[in-house]
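One-letter residues, chain by chain:
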Amino acid sequence: MLDEDYPPQSSFMVGLKAVCPRCGKGKLFAGFLTIAPKCDKCDLDYSFVDSGDGPAVLIILFAGFIVVSLALFVEVTYQPPYWVHAVIWIPLTLALTLGLLRPFKAWLIAQQFKHKAREGRLH
């Protein structure tokens, strides 16, 4: 079947569900961040996928802004001991980065599929 035979999928929902960007039903990942070779529902070949460092950079910027802003606020407002900062911010940093990495990677792949982004080729 052609891509036009499937209804368009929301990149946001593809990212949240980590599903195939074409059919919206098949699994996108074979592991935590390992992309499956193809969709198990519509047989879309995932060889076009190349998210590179994009998801990691987005997560670093997003999570970094949140954690640093909150840590500065807590330091200026309450001035807790350093161990309190470690107890609060290390788990929050891990939760944000690991929790958001998979959805951001799936969203970026959905964007690649939607806009037909491919590796540059010379004729």
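Just above, that's the structure.
Figured I'd write up the structure that's included with this text. Along each chain, residues carry numbers from 1 onward, in the same order as the chain's sequence is written. Only residues with pLDDT of at least 70 are given local features in this predicted model, and only at 80 or more are side-chain atom pairs given and counted; all residues enter the totals for whole chains, interfaces and linings. Note that water and hydrogens are dropped before the side-chain values are worked out from all heavy atoms of the structure.

**Quick word on the environment of G99**
Note on placement: G99 falls in helix 3 (residues 82–114). Overall, the relative accessible area of 44% leaves G99 in the partly exposed class. Separated by 62 residues in sequence, G99 and P37 have C-alpha atoms that sit 23 Å apart. Numbering of helices and strands runs from the N terminus; a helix is a DSSP stretch of H or I covering at least four residues, while a strand is a stretch of E covering at least two. Residue burial is assigned from relative accessible area. The probe radius is 1.4 Å, only protein chains are included, and a residue is buried under 20% of its type maximum, exposed over 50%, and partly exposed in between.

**What about the packing of helix 2 (residues 54–78) against helix 3?**
Between N-to-C directions, angles span 0 to 180 degrees; the directions come from axes that are lines fitted to C-alpha atoms, helices contributing only their stretch in contact. Two elements in contact, helix 2 and helix 3, have axes separated by 8 Å at closest approach and are oriented at 155°. By the angle between their axes, helix 2 is roughly antiparallel relative to helix 3. Where helix 2 crosses over helix 3, the handedness of that crossing is right-handed. Any angle between 65 and 115 degrees counts as roughly perpendicular, while under 35 counts as roughly parallel, over 145 as roughly antiparallel, and the rest as oblique. By the definition used in this description, the sense in which the near helix is turned from the far one sets the handedness, with an anticlockwise turn below a right angle giving left-handed and a clockwise turn giving right-handed.

**Thoughts on the layout of surface pockets**
Taken as a whole, the largest pocket holds about 240 Å³ of empty space. Within this scheme a cavity is a closed region of a 1 Å grid, computed over the protein atoms alone, that accommodates a 1.4 Å probe without allowing it to escape, whereas a pocket is open but has protein on both sides within 12 Å along at least five of seven lines; lining residues each have an atom within 4 Å of a point. Lining the largest pocket are 14 residues, and of these P8, Q9, P21, F113 and K114 sit closest to its centre. Among the elements of the structure, helix 1 (11–17) and helix 3 are those that each provide at least two residues to the lining of the largest pocket. Among the elements that make up the lining of the largest pocket, the one with the highest residue count is helix 3 (3 residues). Under the grouping applied here, Gly and all other residues not named as nonpolar or charged are polar, the nonpolar ones being Ala, Val, Leu, Ile, Met, Phe, Trp, Tyr, Cys and Pro and the charged ones Asp, Glu, Lys and Arg. Its residues assigned to classes, the lining of the largest pocket comprises 7 nonpolar, 2 polar and 5 charged. Grid points are joined across faces, edges and corners, and a volume is the space filled by probe spheres set on the points.

**Focus: the pattern of salt bridges**
Salt bridge, as used here: a side-chain nitrogen of Lys or Arg that lies within 4 Å of a carboxyl oxygen of Asp or Glu. Scanning all chains against the criterion turns up 1 salt bridge. Here K38 makes a salt bridge to D43, at a shortest N to O gap of 3.5 Å. Since its relative accessible area comes to 49%, D43 is described here as partly exposed.

**With respect to the side chain of S11**
With respect to the element layout, S11 can be found in helix 1. Whether two residues touch is decided by their heavy atoms; if any such pair falls within 4.5 Å, the residues are in contact. Among residues more than four places away in sequence, those in contact with S11 are W107, A110, Q111 and K114.

**A few points about helix 3**
A helix is expected to reach a length of 1.5 Å times the quantity of its residues less one. Helix length check: helix 3, at 33 residues, gives a terminal C-alpha distance of 46 Å against a target of 48 Å (1.5 Å per residue), a fit within 8%. By the burial criterion, the buried members of helix 3 are V84, H85, W89, L96, L101, K105, A106, I109, A110, Q111, Q112 and F113. Buried residues along helix 3 sit against helix 1 and helix 2.

**Points about the nonpolar core**
Side-chain atoms within 4.5 Å are what join buried Ala, Val, Leu, Ile, Met, Phe, Trp, Tyr and Cys residues into a set we call a nonpolar core. Among the nonpolar cores identified, the biggest contains 15 residues, and C20, L28, C39, C42, L44, Y46 and F48 are the most heavily contacted of them. Beyond its immediate chain neighbours, meaning those up to four positions away, L44 contacts C20, P21, R22, P37, K38, C39 and F113. With 8 residues, the next largest nonpolar core counts I59, A71, L96 and L101 among its residues.

Function cannot be inferred from these measures alone, as they are strictly geometric.
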